Amino acid sequence: MRVRPAAESDLPVLLDMMEDFNRHEQIAWERGPGEAPLRALIRGPELGLVCLAERGDAALGYAIVTWGFDLEWSGRDAFLTELYVRPDRRGEGLGARLLDEALALARDRGARAIHLVVRHDNAGARRIYERAGFAAVPRTLMTRRLA
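Quick caveat, the model's predicted, so the values are computed rather than measured.

A.B. asks: Explain the pattern of salt bridges to me, and be specific about the residues and the numbers.
C.D. replies: Across all of its chains, the model carries 12 salt bridges by this definition. Taking the shortest distance from any N to any O, the salt bridge between R4 and D10 comes out at 2.8 Å. With a closest N to O distance of 3.2 Å, E19 and R31 form a salt bridge. Note that E19 is positioned in helix α1 (residues 11-24) and R31 in helix α2 (residues 31-43), a separation of 12 residues in sequence. Exposure remark for E19: the relative accessible area of 28% places this residue in the partly exposed category.

The following block contains the structure:
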């Protein structure tokens, strides 16, 4: 498996996988409105990065990391917003390898910490994250839409 930064030419395959990811996570997301922000992220390394995992010509999954800045972490931090492996390729260790690659890319770009949100009922994903050193912090993530 090879992991590389995604290019705009990868948009169709990424959008296909994102539809499956969001359906599985029960997130209201639509391909049409979702394309422009994905394109902006691919074009804007100052925003974050999109990692595409592939073997040969076959896309296996993707990871999305976005940047933040926090004094608690002494500067740049990151948020792993999505980690996805195609259903027919799960159970092969690809998720852990993709996560390792995404963490290395974030570290190489100056991130000093990385955060994520995982559903409580997603035991498989939680195991991958815990094995990779992620731990729950004694805080509750709260969100308010601004637009």
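So much for the structure itself; the text now carries on.
A.B. asks: Outline the environment of A96, supporting the account with residue identities and numerical values.
C.D. replies: For A96, the position within the fold is in helix α3 (residues 94-108). Here A96 falls in the partly exposed class, since its relative accessible area comes to 33%. Distance in space between the C-alpha atoms of A96 and R119 is 17 Å, their sequence separation being 23 residues.

Conventions adopted
Residues numbered from 1 in each chain as written. Predicted model: local features only at pLDDT ≥ 70, side-chain atom pairs only at ≥ 80, totals over all residues. Heavy atoms only, no water. Salt bridge = Lys/Arg side-chain N within 4 Å of Asp/Glu carboxyl O. Helix = DSSP H or I, 4+ residues; strand = E, 2+ residues; numbered from the N terminus. Buried < 20%, exposed > 50% of the residue type's maximum accessible area, 1.4 Å probe, protein only.

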